[in-house]
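# Geometric and topological summary
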Amino acid sequence: MSETLLETIDNPDDLKRFRESELEQIAQELRAFIIEIVAAKEGHLGASLGVVELTIALHYVFNTPDDQLVWDVGHQAYGHKILTGRRDVFHTNRDLGGISGFPKRSESEYDTFGTGHSSTSISAALGMAMASALKSEDRKHIAVVGDASIASGMAFEALNHAGVSGADLLVILNDNAIGIDPSVGALKYYLTKTKSGKETGNDNIFESLNFDYSGPIDGHDLPLLLSELKRQKSLKGPRLLHVRTVKGKGLKQAEIDQVRYHAPGKFDKITGEIQASDSSKLPPKFQDVFGHTIVELAQENEKIVGITPAMPTGSSMKMMMEALPDRAFDVGIAEQHAVTLAAGMATQGLVPFCNVYSTFLQRAYDQIIHDVALQKLPVIFCLDRAGLVGKDGATHHGIFDLAYLNCIPDMIIAAPMDAVEMRNMMFTASQGLELPIAIRYPRGRGKIVNWKQPFKKLEIGSSRLLRKGEKIAVISIGPVGTMIEELLDQENLACTHLDMRFLKPIDQKAIESIFENHEHVITIEDGTTIGGLGSVICDLAAGFNKAFAKAETVKIHKLGIPDQFIEHGPTADLYKIAGIDRESVLKLIDRLL
Ligand SMILES: Cc1ncc(C[n+]2csc(CCOP(=O)(O)OP(=O)(O)O)c2C)c(N)n1
Ligand SMILES: CC(=O)[C@@H](O)[C@H](O)COP(=O)(O)O
Ligand SMILES: [Mg+2]
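Residues numbered from 1 in each chain as written. Chains lettered and ligands numbered in written order. Predicted model: local features only at pLDDT ≥ 70, side-chain atom pairs only at ≥ 80, totals over all residues. Heavy atoms only, no water.

### Observations regarding the site of ligand 2
Basically, it comes down to this: One heavy atom within 4 Å of a molecule or strand is enough for the residue carrying it to be called near that molecule or strand. In the analysis that follows, any N or O atom pair within 3.5 Å is treated as a polar contact, provided that within protein one partner can donate a hydrogen and the other can accept it, and provided that, for residues neighboring in sequence, both atoms belong to side chains. Where accessible areas are quoted, they stem from the Shrake-Rupley method and a 1.4 Å probe; at the residue level, only the protein chains shown are allowed to cover.
With respect to spatial proximity, 13 residues lie near ligand 2, and among them Tyr357, Arg385, Asp392, His396 and Arg443 are the closest. Within the contact set of ligand 2, an oxygen atom lies 2.8 Å away from a side-chain nitrogen or oxygen of Arg385. At 2.5 Å, a side-chain N or O of Asp392 approaches an oxygen atom of ligand 2. Coverage of ligand 2 by the protein chains reaches 86% of its 360 Å² of free accessible surface.

Rendered as structure tokens:
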């Protein structure tokens, strides 16, 4: 079989050897290659398909990696990876030990800035452009940012600065009118209305920010892209090129059902059909437990409102948006705003459920402290994707939340072991608290099929003694507790198991009793041991040592995420790496016995 053109391209210099007229064929081959691998290996699809022509044109016109290209979020950078030396390893995308699903500086000199979280590209590229100016280096700096990501506060901050910086910065706005879910907000309507720079004149929002605005142009028209990028290359100063593309371009189903094909899982590379699986008998995903439960609670209590920053599908907040559209809000990629919006609502007696992925809530840390906790506002944070999330990797693991929330006064921190507990925690929170609460739960499915049980109000700060043994006690928090229960059952081990339920306030009495009656205490959590449950137990133990003699001899073994960033890969493998898998716990217990 003859070689495809794509197979001869190992770097952008190889690409530049082709005539402009041959680039269309390369675009077709690149699309087919992305589809073939993602169909079998899973990953983000629609975003990369949408920027195939743009990716080729950028590497063809600019002199990467000397010219610095920064991708926002990075989920659309598959074509970029394939054209920059990673075609042969692209089949390892998101595998343990394989390449990352996002740009990563340690992976390639073409990946100028690590990403995963959105809206950082303009700041990063501006930083590079300012550094080049200070070092008198003549190179170009390009940020490619999506229409949903540019609407985030951080991107606006960067535009505001860049507009007066004089920096040699090209921002390419890749406008496909959708994020993961349809884009929201006033900017979306503005962008949809925008016709051409000339027609919008002084009213153009980017020109008002001192950017030289061009577009919108068709981002699938390669000759047009090439000529416009060449023109942009000859310019200096802050400029913005507005490009219109179709998310999922080239795969019919992905163009039609753009939400589903953002990251569709396995599908047929020819027909595009997603592999059907019967999940009706499986335990539900935690996100769906959230979705069903908030609808159930909100139907009974009209004060309940729901907020999601751009993740209605991922968080299942869309269930409430469909059932009670006036009381559930997608605010776009705006985690900081989401938190303070919830705080504002709480001042007025509403009961806001603010659902944010654990990793993305990192964006809103000051808002949690300054706007919520300091004012004792009873916002209910539901933190989805807590713990190790798997193939998205280090940028997305929700492993810091226990630690970063625990040091905030007046926060209640809950981590349900299973779906029934999660419902009860949501119910308890909805009954009216005087303080904010965070309920954190993982990606994926639980283990309980019969999860929809009558609500039970929990005592805040109460733990559950699940079994009483001797010598060794395991103190767990969150879903790892289910693994511990299975392990102790299956191996017939006579250990005590305490499900902590709440990290804060912590059930000190229960812990005291554990220390009085055991020789070894194992703490286990799917979060960092620094600052999380392990740290709290050690701190308490230091106090116990003074209080009663026996505590001094109790040995504490902390299991959790060690002090390192955990890479991407199947969650089960990552649990092993972190030492919080079944075998690691069993080995430890065997040794202690
Ligand atoms: C801070 C942050 N919040 C949320 C997300 C989840 N997320 C990933 S991609 C995405 C949508 C991005 O949309 P857009 O910028 O328009 O790019 P497109 O997918 O359309 O190419 C969202 C919300 C994220 N990565 N980072
Ligand atoms: C790129 C990004 O941030 C999202 O697409 C993320 O990968 C979603 O994760 P889930 O698949 O867990 O919803
Ligand atoms: Mg978009």
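The discussion continues.
### Here we look at helix 21 (residues 480–490)
Just so we agree on the cut-off: Each residue is placed in one exposure class: buried if its accessible area under a 1.4 Å probe, protein chains only, is under 20% of its type's maximum, exposed if it is over 50%, and partly exposed if it falls in between. Only DSSP runs of H or I covering at least 4 residues are called helices, and only runs of E covering at least 2 are called strands; the numbering of each starts at the N terminus.
Buried residues dominate helix 21, accounting for eight of its 11 residues. Within two residues after helix 21, Asn492 carries a phi angle of roughly 55°, on the positive side.

### A look at the sheet that holds strand 14 (residues 496–499)
Short version of the rule: Note on pairing: DSSP must find at least two bridges between two strands before they are called paired. Helix axes are fitted only over the stretch in contact, all axes being lines through C-alpha atoms; the angle between N-to-C directions runs from 0 to 180 degrees. For this analysis, residues touch if any pair of their heavy atoms sits within 4.5 Å.
The five strands lie next to each other as 12-14-13-16-17, forming an open sheet whose pairing is mixed. Bordering the open sheet on either side are strand 12 (464–467) and strand 17 (555–561), each of which pairs with just one other strand. Put simply, the sheet's adjacent strands are angled 20° from each other on average, direction ignored. With four bridges connecting them, strand 13 (residues 471–476) and strand 14 associate as parallel partners. In the sheet register, Ala473 faces strand 14, and the bridge partner there is Thr496. Packed onto the sheet, helix 22 (residues 508–517) meets strand 13, strand 14, strand 16 (518–528) and strand 17 and runs at close to 135° relative to strand 16.

### With respect to the pattern of salt bridges
Using the following cut-off: The working definition used for a salt bridge is a side-chain nitrogen of Lys or Arg within 4 Å of a carboxyl oxygen of Asp or Glu.
Inspection of the entire model under this criterion finds 37 salt bridges. Two residues, Asp14 and Arg17, come together in a salt bridge whose shortest N-O distance is 2.5 Å. Note that Asp66 is salt-bridged to Arg139, the shortest N-O span being 3.0 Å. In this pair, Asp66 is assigned in the loop between helix 4 (52–61) and strand 1 (68–71) and Arg139 in the loop between helix 6 (121–134) and strand 2 (141–146), connecting sequence segments 73 residues apart. The exposure class assigned to Asp66 is partly exposed, which follows from its relative accessible area of 33%. Several salt bridges share partner residues, and in doing so they unite Asp138, Lys140, Asp168, Lys236 and Arg239 into one network.

### Here we look at the packing of aromatic side chains
So the rule is basically this: Put simply, two rings from Phe, Tyr or Trp (the six-membered ring, in Trp's case) pair if the centres are within 6.5 Å, and we call them stacked under 30 degrees between planes, edge-to-face over 60, tilted for the rest.
As enumerated under the stated definition, the model contains eight aromatic pairs in all. Seen in terms of ring centroids, Tyr261 and Phe267 are 6.3 Å apart; in terms of plane orientation they differ by 70°. Their pairing is edge-to-face. Side by side, Tyr261 and Phe267 carry an identical accessibility label, which is buried. On the numbers, 6.3 Å between centres and 70° between planes, the contact of Phe400 with Phe565 is edge-to-face. Of the two residues, Phe400 sits in the loop between strand 9 (380–384) and helix 19 (401–406) while Phe565 sits in the loop between strand 17 and helix 24 (571–578), which places them 165 residues apart along the sequence. In this structure an aromatic cluster arises from ring pairing among Phe33, Tyr78 and Phe90.

### Observations concerning helix 11 (residues 222–233)
Our working definition: By definition here, a helix of n residues has an expected span of 1.5 Å times n minus one.
Its 12 residues place the ends of helix 11 16 Å apart at the C-alpha level, agreeing with the 16 Å of an ideal helix rising 1.5 Å per residue. Burial in helix 11 covers these residues: Leu222, Leu225, Leu226, Glu228, Leu229 and Gln232. Residues of helix 11 that are buried make contact with helix 2 (23–41), helix 4, strand 3 (169–175), strand 4 (212–218) and strand 5 (239–244).

### Thoughts on the domain arrangement of the protein
Heads up, the rule is: Domain segmentation is taken from an automatic or database assignment of domains. Reported buried area values correspond to the accessible surface (1.4 Å probe) lost by two parts on association, with both partners' losses combined.
Along its sequence, the protein is carved into domain 1 (6–262), domain 2 (286–440) and domain 3 (464–592). A C-alpha centroid distance of 45 Å is found between domain 1 and domain 3. Interface area lost by domain 1 to domain 3 is led by Arg94, Leu96 and Lys104, which between them contribute 80%. Inspection of the region where domain 1 meets domain 3 yields one salt bridge. Salt-bridge contacts for Lys104 lead to Glu567; the nearest nitrogen and oxygen are separated by 2.5 Å.

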